[in-house]
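# A look at the structure
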Amino acid sequence: MTGKTVRFRFDGRDYEGLEGDTLASALLANGVRAVASSVKLGRPRGVYAAGCEEPNALVQIEEPFPEPMLQATTVELYDGLVATGLPGQGRLADRPDPARYDAVHAHCDVLVVGAGPAGIAAAGVAARAGGRVILADERPEPGGSLLGTTETLDGRPGREWAAEEVAALAALPEVRVLRRTTVVGHYDDNYVVAVERRTNHLGAAAPAEMARERVWRIRATRVVLATGGHERFVAFAGNDLPGVMLAGAARTYANHYRVLPGRRAVVFTTDDSAYAAALDLADAGVEIAAIADVRRAPGEAWAARCAERGIEVLTGYVVTAAKGEGEVSSVEIGPRGAGATREVAADLLLVSGGWTPVVHLFSQAGGTLRYDEGLGAFTPGETRQAVEAAGFARGVGGTGVRTLRACLEDGAEAGRRALAAAGFAVASGHRLPAAEEEPTAAPAEHLWLVEAGDYGTHFVDLQRDVTVADVLRATGAGLTSVEHVKRYTTAGTAHDQGKTSGLLTSGVVAHALGVDVAELGTTTFRAPYTPVSFAALAGRDRGPLHDPVRVTAMHEWHVARGALFENAGQWKRPWYYPRPGEDMEAAVLRECRAAREDVAAMDASTLGKIDVVGPDAAVFLDRLYTNMMSTLKVGSIRYGVMCRPDGMVFDDGTVIRLADDRFLVTTTTGNAAAVLDWMEEWLQTEWPDLRVHCTSVTEQWATVALVGPRSRAVLARLAPGLAVGNDSFPFMTWRDTEVAGIEARVCRISFSGELAYEINVSSWFGLALWEAVMASGEVTPYGTETMHVLRAEKGFPIVGQDTDGTVTPQDLGMEWIVSKKKADFIGKRSYARADTSRPDRKHLVGLLPEDPGVLLPEGAHLVETSALPEPPVPTLGFVTSSYRSAALGRTFALALVSGGRERVGERLYAPVGADLVPVTVTSHVLYDPEGARRDG
């Protein structure tokens, strides 16, 4: 800390702190005990830890920009900070975030995670041998555990050695030191993701051009995890009260921040580490009323030091309860087991239930864990990746007390092994600083809970308000897996990911079941290690560099003619072509009339196109589609629907048979990549025996859809060598020919219900084809909005708009497309389920508002009653598509309605604002139900 005073506001009150404080240390310095409240029970909660393992002190920064769900222990204090305590959940900002978020890719020979003693030693060995090294640590200052202790190296404070050593490493050309950088995920092939906090510690003074957070995507040849450990607590009555704190955290506040978290303290411990904390706090001015040690024999040297200071040590004792109104005012202690208890006045209760190595990243990397009896915790075992743990992260010490010298030596050796494995020659003899003599530690004892008759306030997970009583309820219900108990109770599912509660939960479950913790195991450690903002993951919006824009060969023509565009996946598709004085409604109605009464053209190049080739291509497509594709003749086209295994519609499109062993599959624009991925998944994982290859050819073809009664005449002029009559060129067939002198494949397909052709040419000639079509007569260009109106009039659904993942082909009125001849296809068995044939399933229907001028909003719900009762109101379904129709001379809509087929002719109501709009249910085919216009 610099000593510079900064001012901040918390919960509406003004305070002062020192630069270098965290919000937590500043609040403790100002006597603020209750920082937040618990999520379910609303109990007051205070600062419990000193780092990212904090389960209680959740806050929201209000200024300069709202940031919810932050831990007060990780928020660096700055002048003008405004924050509030949270009841376990945050609030989203009601204005755009002005901050920038960046990402960077980096490569290194050795990545060291954690700048504590072991990590600094590992990085020092690797860096001085010439390796490219990245040293990442989540704190602003290096040192790790040294920051919270009075330990010395080479006769000076350990934090000073850490600062000078890391500064020397940072000066080396092949070394990167990343401060305020949390490694949040470890993936295959040593791909590591870290998040660097860059400006929140500067507050409003942060330069505008500096990103608030930066995501580091690192590829490392070797990874050394020197992540240290988290102290855990014990479950006893009232262990969540403000004033109860982890012993190591209180030691950090006293030594590093020069803050006393209380005036009179009781210490409750299961190992020797809390003695060092008690003595440091006593030196800082805290009165230590008593140390309750569950063991019969603590470390002799520690007990002697306490005796010298007049501190009472009670061996074989436990804390049975923390008491107080809103915060700790007294502590009840007594002999372990049976015996009279006594109450000790205290405003601070320090707890140490042992230390747990931080194995999250090792486990994410695919490593196995093994139980260490000495630590009473799980430590790293074997892993398939080039990663290893060092220092206390792998349990060095083995008795619950980290030994500084052992951690330094273990870190240096890990650095040598990592660099040697990366192909470097590493000289021995790297000098390590001399550590002070440490007292011999006595074995720790592992206590998970203090037994009592009522476990209602024996908290196991402070963030989720999970008590021992909740865990016992889960095991009493027959749950024996810690994974199942986690989901039953929600223990370990909050933003701290069970850093202090995970192993404690396992211990309580093991106690309840009468089994060993080693046998029970732990829950799965998943990324991210700490919460990551969506903004950081998304990064800066850099336009096409952030999300690539795809355009068709005709794009510049559309731009020059004033088209407005909409995004379809990454494609820019013409939306509509307004003429001077036209709004969207007028332009779309004009384009619709041209397609229905004259001739119009659309750029359809964005449709997904997949080449499916191989001797088993027909068999493969029969399995993918609900209808038969193997009977399709060369030269013909068939419409098809793909479903998921649950029978719900996944995608639709046409299948064109080019040869006996070759098909061209078309997909919806936005689903092209997903369909190709779907095909590859089935070929690679379920049907590897099929001889089939799938290739995306979307960009290879430019497509013009020529639509309308005059389309045949226009095509005849453009392709004089093509016979275009109904007999010579029937519906759902294709022909190779020349159009406007360009080699083309012409398909007789219609998505409008009108006479239509799709002309496909190499994308190199797409613009030339389009210009030839436009020059052939009065051809009206139309966009996607008109396409939607035309297809909706015919009741043609769009997957993703008229479906929502719960719709079968039968729900869409397409029973005819589900083959009854095929032995099997994806989704077939699901149609035998009673649920998929319920008469009250939502069916696709048409809706006609009684006022033909009313346009229903898409998403509007439908109800039966003309007078809305008090909510909740049962809904029958919702509007999926809604348009004004030139052909119908009115508005109309498509909707998914429960039991829709049986409701044709009924009146329903759509709540729109404060009104209920009456609508009549009709068939979903509202225009040309006989299909007479298809052939002109």
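The preceding data block contains the structure.
In what follows, the accompanying structure is described. If you're wondering where the values come from, they're calculated on a predicted model, not measured in any experiment. (Residues numbered from 1 in each chain as written. Predicted model: local features only at pLDDT ≥ 70, side-chain atom pairs only at ≥ 80, totals over all residues. Heavy atoms only, no water.)

### Comments concerning the overall build of the chain
Threshold: Helix and strand assignments come from DSSP, with helices taken as H or I runs of at least 4 residues and strands as E runs of at least 2, each series counted from the N terminus. Only protein chains enter the accessibility calculation, which uses a 1.4 Å probe; a residue whose area is less than 20% of its type maximum is buried, one above 50% is exposed, and one in between is partly exposed. Throughout, a contact is declared for two residues whenever any of their heavy atoms are within 4.5 Å. Each accessible area is a Shrake-Rupley estimate made with a 1.4 Å probe; only the visible protein chains count as cover when residues are assessed. A residue counts as positive if it is Lys or Arg and as negative if it is Asp or Glu; His and the chain ends are not included. The location of each charge is read from NZ of Lys, CZ of Arg, CG of Asp or CD of Glu.
When you go through the chain residue by residue, the secondary structure sums to 20 helices and 49 strands. Projected onto its principal axes, the C-alpha positions of the chain cover 110 × 70 × 55 Å. Classification of the 936 residues of the chain by burial places 56% in the buried group. Of all intrachain contacts in the chain linking residues separated by at least 6 positions in sequence, the fraction that spans at least 24 positions is 65%. Of the roughly 37,500 Å² of accessible surface on the chain, 51% is carried by carbon and sulfur atoms. Of the side chains in the chain, 94 bear a positive and 119 a negative charge, and the two mean positions are spaced by 3 Å.

### Quick look at the sheet that holds strand β22 (residues 330–335)
Convention followed: We call two strands paired when DSSP finds no fewer than two bridges between them. Throughout, an axis means a line fitted to C-alpha atoms (over the contacting stretch in the case of helices), and angles, computed between N-to-C directions, take values from 0 to 180 degrees.
Pairing is antiparallel in the open sheet, where 3 strands are placed in the order β21-β22-β23. Looking at which strands have only one partner, the edges of the open sheet turn out to be β21 (317–323) and β23 (342–345). Averaged over all pairs of adjacent strands, the angle between strand axes in this sheet comes to 30 degrees, irrespective of strand direction. Where β21 lies against β22, 6 bridges are found, and the strand directions are antiparallel. Each bridged residue has a counterpart across the sheet, and for Ala322 the counterpart in β22 is Val331.

### Here's the deal with the packing of helix α2 (residues 117–128) against helix α8 (residues 404–421)
In plain terms, the rule: Helix crossings get a hand from a simple test, with the near helix turned counterclockwise from the far one by less than a right angle marking a left-handed crossing and a clockwise turn marking a right-handed one. Three classes are used: nonpolar for Ala, Val, Leu, Ile, Met, Phe, Trp, Tyr, Cys and Pro, charged for Asp, Glu, Lys and Arg, and polar for all others, with Gly counted as polar.
Contact geometry of α2 with α8 gives a least axis separation of 7 Å together with a crossing angle of 35 degrees. Considering only the axes of α2 and α8, their crossing is right-handed. For the pair α2 and α8, the contacting residues are Pro117, Ala118, Ala121, Ala122, Val125 and Ala126 in the first and Leu404, Cys407, Leu408, Gly411, Ala412, Gly415, Arg416 and Leu419 in the second. Among the residues forming the contact of α2 with α8, the class breakdown is 11 nonpolar, 2 polar and 1 charged.

### Comments concerning the pairing of strand β49 (residues 915–922)
In terms of strand pairing, strand β44 (residues 842–849) meets β49 through 4 bridges, oriented antiparallel. Residue Pro849 lies in a different strand from β49, and its bridge partner there is Val919. Note: strand β48 (residues 907–912) against β49, 6 bridges, orientation antiparallel. For Val912, the partnering residue across the bridge sits in β49 and is Asp915. In this structure, the hairpin formed by β48 and β49 is closed by a connection of 2 residues, where Gly913 is found at a positive phi of approximately 65 degrees.

### Some words on unusual backbone geometry
Residues apart from glycine generally show negative phi values, whereas peptide bonds are mostly found in trans. The omega torsion across Ala527 and Pro528 is 0 degrees, close enough to zero to call that bond cis. With respect to the helices and strands, Pro528 occurs in the loop between α12 (517–520) and α13 (534–538). At Met732, a residue that is not glycine, the phi angle is positive and equals roughly 65 degrees. For Met732, a relative accessible area of 15% puts it in the buried group.

### Focus on the pairing of strand β19 (residues 287–293)
Applied cut-off: Seen with its strands pointing away from the viewer, a crossover is right-handed if its path from the first strand over the helix to the second goes clockwise.
Buried residues dominate β19, accounting for 6 of its 7 residues. Here 6 bridges tie strand β18 (residues 264–269) to β19, and the two strands are oriented parallel to one another. The residue of β19 that forms the bridge with Thr269 is Asp293. Following the chain from β18 across helix α5 (residues 273–284) to the adjacent parallel β19, one finds a crossover that is right-handed. Summarising the sheet, β19 and strand β20 (residues 313–315) pair through 3 bridges and their orientation is parallel. Paired with Ala292 across the two strands is Leu314, which belongs to β20. After leaving β19, the chain enters helix α6 (residues 300–308) and then returns to the sheet as β20, a path that is right-handed.

### With respect to the packing of α2 against helix α3 (residues 158–170)
Each pair of packed helices gets described by two things: the angle between the helix axes and the distance between those axes. We count it as follows: Note on angle classes: values under 35 degrees are labelled roughly parallel, values over 145 roughly antiparallel, values of 65 to 115 roughly perpendicular, and the remainder oblique.
Running from amino to carboxyl end, α2 crosses α3 at an angle of 25 degrees, the nearest separation of the two axes being 10 Å. By the angle between their directions, the pair α2 and α3 is classed as roughly parallel. Considering how the two elements wind past one another, α2 and α3 form a crossing that is left-handed. Seen from α2, the contacting residues are Ile120, Ala123, Gly124, Ala127 and Arg128; seen from α3, they are Trp161, Ala162, Glu165, Val166, Ala168 and Leu169. Of the residues in the contact of α2 with α3, the class split is 8 nonpolar, 1 polar and 2 charged.

### Concerning the pattern of salt bridges
Our working definition: The term salt bridge refers to a pairing of a side-chain nitrogen on Lys or Arg with a carboxyl oxygen on Asp or Glu at a separation within 4 Å.
For the coordinates displayed, the defined rule picks out 56 salt bridges. Two residues, Glu483 and Arg487, come together in a salt bridge whose shortest N-O distance is 2.7 Å. Of the two residues, Glu483 and Arg487 are both situated in helix α10 (residues 482–489); the distance of 4 residues between them amounts to about one turn of the helix. Each member of the salt-bridge network shares a partner with another, and the members are Asp811, Asp835, Arg838, Asp840 and Arg841.

### Comments concerning the environment of Val692
Among the secondary structure elements, Val692 is positioned in the loop between α17 (672–686) and β38 (693–696). A sequence separation of 51 residues divides Val692 from Glu743, and the C-alpha atoms of the two residues are 27 Å apart. Residues within four places of Val692 in sequence aside, it is in contact with Val612, Val613, Gly614, Asp616, Ala617, Phe620 and Leu683.

### Describing the packing of aromatic side chains
To describe a pair of aromatic rings, one takes the distance between the centres and the angle between the planes. Our working definition: By convention, a stacked pair of Phe, Tyr or Trp rings (six-membered ring in the case of Trp) has centres within 6.5 Å and planes under 30 degrees apart, an edge-to-face pair has planes over 60 apart, and any other such pair is tilted.
Scanning the model with the defined rule gives 18 aromatic pairs in all. Geometrically, the ring pair formed by Phe236 and Phe268 is edge-to-face, given 5.7 Å between the ring centres and 65 degrees between the ring planes. A residue pair is termed long-range when its members are at least 10 positions apart, and Phe236 in the loop between β16 (229–231) and β17 (244–246) and Phe268 in strand β18 qualify at 32 residues. By relative accessible area, which is 0% here, Phe236 ends up buried. Classification of Phe268 by relative accessible area gives buried; the value is 0%. Note on Trp575 and Tyr576: the rings are 5.3 Å apart at their centroids and 65 degrees apart in plane angle, and the pair reads as edge-to-face.

### Concerning the environment of Asp835
Inclusion rule: Two N or O atoms form a polar contact when they lie within 3.5 Å of each other; inside protein one atom must be a possible hydrogen donor and the other a possible acceptor, and for residues adjacent in sequence the pair counts only when both atoms belong to side chains.
By the element assignment, Asp835 lies in the loop between α20 (784–793) and β44. We classify Asp835 as partly exposed; its relative accessible area is 28%. For Asp835, the side chain forms a polar contact with the side chain of Arg841, separated by 3.3 Å.

### Overview of the nonpolar core
One broad rule of soluble globular proteins: the nonpolar side chains tend to lie buried together. Selection rule: For this analysis, a nonpolar core means a set of buried residues of the types Ala, Val, Leu, Ile, Met, Phe, Trp, Tyr and Cys, connected via side-chain atoms within 4.5 Å.
Counting 102 residues, the largest nonpolar core has Leu23, Phe236, Phe268, Ile288 and Leu349 as the members making the most contacts within it. The leading source of residues in this core is α5, at 8 residues. With 34 residues, the next largest nonpolar core counts Met602, Ala604, Val789 and Leu844 among its residues.

### A look at α20
Across the 10 residues of α20, 10 count as buried, placing the element largely inside the fold. Regarding α20, the residues found buried are Thr784, Glu785, Thr786, Met787, His788, Val789, Leu790, Arg791, Ala792 and Glu793. At its buried positions, α20 is contacted by β31 (564–568), β32 (571–576), α15 (584–597), β33 (600–603), β46 (877–885) and β47 (890–898). Positioned one or two residues after α20, Gly795 has a phi angle of 75 degrees, which is positive.

### Focus on the sheet that holds strand β1 (residues 5–10)
Read from one edge of the open sheet, 5 strands run β2-β1-β7-β5-β6, paired in mixed fashion. Both edges of this open sheet fall to β2 (13–18) and β6 (67–71), since each of them pairs with a single strand only. Pairwise comparison of adjacent strand axes, ignoring direction, gives a mean angle of 40 degrees for this sheet.

### Some words on the environment of Val259
Here Val259 lies in the loop between α4 (247–255) and β18. Considering only alpha carbons, one finds Val259 and Leu28, 231 residues apart in sequence, at a separation of 7.0 Å. Excluding its chain neighbours within four sequence positions, the residues that come into contact with Val259 are Ser25, Leu28, Ala29, Tyr253 and Ala254.

Read these as layout, nothing more, since geometry by itself doesn't imply function.
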